Each structure stands twice: as structure tokens, then as C-alpha cells.
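A closer look at the structure
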Amino acid sequence: MASYAAIDIGSNSIRMQVAEVDGSCAPQVIASDRQVTRLGESVFRTGRISPAAMEFSCTVLASMAQKYRAVNALAVRAVGTSALRDAGNKDEFLKRASDVLGTHVEVISGLEEARLIFMGVQARWPFPKGRLLVVDVGGGSAEVIVGENGHLAEAYSKKIGAVRMKEVFLKSEPPAMLELAQLREFIDQRLESVVRRLKTKTYDRAVITSGTAAAMACAIHGVSRSKRDKVDRLRASMAQVRSFYDKIATRDLEGRKKITGIGPRRAEIIVPGTAVLLHLMRELRLSSLHYSAAGLRDGIIADLAHRGVGKRAQRLDSDRRDVVVGMARRYGVEMSHVRKVAQVATLLFDSTEPLHRLGIQYGGLLEAAAYLYDIGHFVSDTRHHRHSSYLVANSDLPGFTERERNILASLCRYHRKGMPAASHADYQALDPEAKRAVLMLTPLLRLSAAIDQTHEQRVRTVDCAVDNGAVSLVLHSDSDVKLEKWAAEQVGEIFHQVYERPLLVQKGKP
């Protein structure tokens, strides 16, 4: 069985988990760790990670790295969430954390976080039929997710995490009535648009995850923190949640610490976290909530296993294809054209593999770029390649890592006009392998677009062969394809520079 490791660098705590996955049953956890670091405390107060929090977090990460290395994890993914999204000095932290872990640490968007949480819940407690609501209240943000028949349907991420709101609103012990009222009003405002969209639906199951959810479930069922696994999948009714909130909101910190199931650090932030859950229960008319021990780390592992990371390279899967197709539609791209470009790009990638020697995953990125390279026309026809690059680099692309998104942005940038240069900062920021991939894939994307220059799909099929020191393209069509042939030939010079082979283009038989 393959084992995968996940590192979740959250606003309240850092979690590590390694699980074995064989595809026939639920992942089996073989190593895990969790440390409260309160990375978000200084961020939400000052906008920056404090030196002490940075130092402590890196020490924790170094210890966790030793644990997942000891079990020989096949692949690892480390992600940062809300606090790192907001931190002004996140680049310094990411460099130090990446060095300590020996792997790239990426900051994921709120929507990517929601997608992974949903995958984690589905991996641990599948719900293949009906409508599922998942709510995760973390330290910096809360994710509200709707699944329908096992698939993610809607996802929202709001900055109403427990640590964030405690820092802003709760200064007294016990919390003052005015503080609680301001907290409730803030939650109501932040969730108003989400509630408006979701209150007309009914839910077959409502699931809550995260440390706040675990503490609340343990307290309601009288289970100690050390035995929190016993509350997995247990239910809490509206009356129980309301009673629990009333209890913690009227006790001071020492009083909250004495409640069974609430740890000393969780007691500091349990009030705002529970307030979010109670608000959603009321507004969405949920009679009960089920606690799930699953979380972001489970979703990371499920995603790594689904994509076969470290085990086999995989082209663009259906979920990620849906993401880029959806983005292309959103920006008004002519879908028949980009589908043709993607089809030809895939063929060219496979045919020229002896020359570029890139892994199959880069073929998937080339296909994705074929759907997205023209979205910049939505902004302006002038310099649309730059607009396409900007939109890709600054958009949520669930399922794509930050590195993959940057490669896609570069491919969009260079699908026309100049090639990568020393003065191009975004390209120079890529790692050496990514730079080479962009360089090798750019002529293939340009050729694919040229072969449907008229957007009329006149070229029915394409043959591509590498032989006799040249690369030959044969365009099969029963129409006049002089323009397509001319456009492809214009790519010949750049193709020759990159591949060191001449490009021969001719029309074949229909």
C-alpha cells in the first residue's frame, strides 16, 4: 500500500498525518501529530507572523518531518491556510518552512481548502447519495460546503475563524454581553450571502469538522479529549448546541477549561467557534449536526492518492478538466475552438515525447492551458496573452497546486508574441524543471492554436512524426487549410530554436 503525508499549517495549530491508501477501504492512519502554535494570533492583530510564532512553528514542522520520513511516505503535501493568506511576511515563513520540511509549502485559497475538506469527509465517511452540508470552523476562516450525490456542488470560505474573532471581539472574561452581541452581528454579516443561497435547500446530513467541532461534540457527550475518537459520527441536536453555547458564553476561561472535552488552549477560542455553528444551525434550520474526525489533512491524502502522486504520473483528470472548462466558459471562450486546440495539443505532446522527455503530468498542464490561453480577451483584445496569464495566476483553480497554476499562467503568457526572457520576473521565479517545461510546451501550444487559426475546425485530424532529423505535421482536411498551414509554419522558427529540429507542415489527404 502507498502511504501519503499531509501537513496542515493552520491559524491555530499545525497538523501532520500519514495514512496508507489502497483504494479498497478507508485510508489507515499510521502516524499523526498536532501542535497548537497560534500562528494566526499575531497575524490577526498586526498583519504579520511574530518572530516567536515563526520560530516555534518551524521547530514543530522539523519534528513532524522526522516522523513522516520515518515511515517512508511516498509523497507529501504541505499547505498553509487563512493566517498565511493574510500574513504580510508569509514569504519569509514559507521559505523557512519549506527548508525545514524539505518540500515546498504552498498557501492554498479558501476554495481549495474547502475542496480538500470535502474530499477528506467523503474519504472517511462517504455520503454518495443525497445533499450533504459540511462546515469547518478553523482558526482563521470557516468553510461552508455543499455536496450533492458525492460531488462538490458549492463552497464558500469566510474570514470568521475562532482565533481571528477572539482577537477582534472577546477581551473580557467571561465575555461581556456587548462583546457577544458584536460577535453575533459580525458572524451574521459575514454569512448573510451564504445563508441567502443555502437556506432554501434541505440537507440529508450536516457534518461539522475541526477542533471546535471536536471539543463541542466531546463536551456535549461527556467524552474526554483523549478519547475524542469515540465521538466521531455522533450527533448533536439544536437544543444541545444552544445549551452548550449558553454555558461557555457565561463562564470565564478557568470555568471553560473545567468542562469535559475542552482543552486549555481550545477553551480560549471555543466561544466564537461555537457561535458560528449555532448561527448556521438557526439560519439553515438544521435540527442536528454530526461530528466527523475528518479534516483538511484527510483531504490532502485523498487527493494525493486520487492523482497517484509519486506512484505514477497522470494526465489531466476529469475533475481538473471540469475546473478549466468551467473557467473558460466563465470568460466567454469559444468552446469548440479550445476543445480542438486541447485535442491537438495532447496529440503533439505525445508525438514529440522523444524530444521533450517531459512527464505525462505536463501533458495535462498543456491540455489545461489550451482551454485557458484565450480567456484574456474577456479583459481586452489588446495584449490578451498578458491578461490571460494574470487571470490564471490570480484565480482559484481547485485541484491545481500553486506551482502548476504558475506554469499554466506562463504558458498563457507565451502562447503568442515573445518567448521567455531574463527580464520576465514571473518566469524566472519558476523552478528549473518548470522553466524547461514552459519552454518545451510553448511551441506545442502555439502550433495547436495555429492549426485551428480560423476557429472553424477545418483540420479534421493531424499526424505528427519525428523522423529524418525533422518533425513533420500533416493536416488532414477536406477544406482549404492554406491559412492554418501558414499559421503553423509561422511557429517553425521558434519550434526549431527550442527543439533543434526543423518543422515541416503539409496538407494530407482528407
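This text gives an overview of the structure that appears in the document. (Residues numbered from 1 in each chain as written. Predicted model: local features only at pLDDT ≥ 70, side-chain atom pairs only at ≥ 80, totals over all residues. Heavy atoms only, no water.)

1. Re the layout of surface pockets
Considering only enclosed or pocket space, the second largest pocket measures out at about 960 Å³ in volume. Taken together, 31 residues line the second largest pocket, and the ones lying closest to its centre are Arg115, Phe118, Met119, Gly150 and Asp319. If you list the elements that add at least two residues to the lining of the second largest pocket, you get strand 1 (2-9), helix 5 (110-124), strand 8 (151-158), helix 12 (296-307) and helix 13 (318-330). If one sorts the elements of the lining of the second largest pocket by residue count, helix 5 sits on top with six residues. (1 Å grid on protein atoms, 1.4 Å probe; cavity = no way out; pocket = protein on both sides within 12 Å on 5 of 7 lines; lining within 4 Å. Points joined across faces, edges and corners; volume = space filled by probe spheres on them. Helix = DSSP H or I, 4+ residues; strand = E, 2+ residues; numbered from the N terminus.)

2. A few points about the environment of alanine 53
Looking at where alanine 53 falls in the secondary structure, it is placed in helix 2 (residues 51-70). Looking at alanine 53, the relative accessible area reads 9%, which means it is buried. Residues alanine 53 and serine 42, spaced eleven residues apart in sequence, show a C-alpha to C-alpha distance of 8.0 Å. (Buried < 20%, exposed > 50% of the residue type's maximum accessible area, 1.4 Å probe, protein only.)

3. Section: the packing of helix 13 against helix 16 (residues 360-372)
At a minimum axis separation of 8 Å, helix 13 and helix 16 run at an interaxial angle of 15°. Accordingly, the angle class assigned to the pair helix 13 and helix 16 is roughly parallel. Seen from above, helix 13 lies across helix 16 with right-handed handedness. Contact with helix 13, carried on its side by Arg321, Val324, Val325, Met327 and Ala328, involves Glu367, Ala368, Tyr371 and Leu372 of helix 16 and no other residues of that element. (Axes fitted to C-alpha atoms, helices over the stretch in contact; angles between N-to-C directions. Parallel < 35°, antiparallel > 145°, perpendicular 65-115°, else oblique. Left-handed = near helix turned anticlockwise from the far one by under 90°. Contact = heavy atoms within 4.5 Å.)

4. Quick notes on the nonpolar core
Counting residues in hydrophobic clusters, the biggest one holds 67 residues, and the most contacted among them are Val392, Leu408 and Leu473. In terms of residues, this core owes the most to one element, helix 20 (residues 432-450), which gives ten residues. If you look at the next biggest cluster of nonpolar residues, it comprises 56 residues, including Val195, Ala213, Ala219 and Val223. (Core = buried A, V, L, I, M, F, W, Y, C linked by side-chain atoms within 4.5 Å.)

5. Section: the pattern of salt bridges
Taken as a whole and assessed by the stated rule, the structure comprises 29 salt bridges. Glutamate 148 serves as the salt-bridge partner of arginine 131, at 3.2 Å between the closest nitrogen and oxygen. Taken together, the residues span a long stretch of sequence, with arginine 131 in strand 6 (residues 131-137) and glutamate 148 in strand 7 (residues 142-148) at a distance of 17 residues. Its salt-bridge partner being glutamate 268, residue arginine 265 comes within 3.6 Å of it at the nearest N-O pair. Given the relative accessible area of 35%, arginine 265 is considered partly exposed. A relative accessible area of 23% means that glutamate 268 is categorised as partly exposed. (Salt bridge = Lys/Arg side-chain N within 4 Å of Asp/Glu carboxyl O.)

6. A short note on the environment of threonine 352
Mapped onto the fold, threonine 352 is located in the loop between helix 14 (335-351) and helix 15 (353-356). Each C-alpha atom of the pair threonine 352 and cysteine 464 lies 8.0 Å from the other, and the pair is 112 residues apart in sequence. Residues contacting threonine 352, with those up to four places away along its chain left out, are Leu444, Cys464, Val466 and Tyr499.

7. A word on the sheet that holds strand 13 (residues 470-476)
Strand order in the open sheet formed by three strands is 12-13-14, with mixed pairing between adjacent strands. Pairing within the sheet leaves two strands with one partner each, and these edge strands are strand 12 (461-467) and strand 14 (503-507). Averaged over neighbouring strand pairs, the angle between their axes works out to 20° when direction is ignored. Here strand 13 pairs with strand 14 via five bridges, running parallel. Across the sheet, residue leucine 475 finds its bridge partner in strand 14, namely lysine 507. Where helix 21 (residues 482-490) meets the sheet, it contacts strand 13 and strand 14, and its direction lies at approximately 180° from that of strand 14. (Pairing = 2+ DSSP bridges.)

8. Details of the pairing of strand 6
A regular strand places its side chains so that they alternate between the two faces of the sheet. Within strand 6, six of the seven residues are buried, which leaves it mostly tucked inside the rest of the structure. Taken together, the seven bridges between strand 6 and strand 7 define a ladder with antiparallel strand orientation. Each residue of the ladder has a partner; that of valine 135, found in strand 7, is valine 144. Connecting the antiparallel pair strand 6 and strand 7 is a turn made up of four residues. Here five bridges tie strand 6 to strand 9 (residues 205-209), and the two strands are oriented parallel to one another. Opposite leucine 133, over in strand 9, you have alanine 206 as the bridge partner.

9. Some thoughts on helix 13
For helix 13, built from 13 residues, the straight-helix expectation of 18 Å at 1.5 Å per residue is met to within 8% by its first-to-last C-alpha distance of 18 Å. For helix 13, the complete set of buried residues consists of Arg320, Val324, Val325, Met327 and Ala328. For helix 13, the angular spread of buried residues about the axis comes to 160°, placing them on one side. Opposite the packed face of helix 13, turned more than 90 degrees from it, sit the exposed residues Asp322 and Arg330. For helix 13, the elements touching its buried residues are helix 12, helix 14, helix 16, helix 17 (384-393) and helix 18 (402-413). Where helix 13 begins, the capping side chain belongs to aspartate 317, and its oxygen is found 3.2 Å from the backbone nitrogen of aspartate 319. One or two steps after helix 13, the chain reaches glycine 332, where phi turns positive at roughly 70°. (Expected span 1.5 Å × (residues − 1). Arc of directions from axis to C-beta. Polar contact = N/O pair within 3.5 Å; in protein donor to acceptor, adjacent residues only side chain to side chain.)

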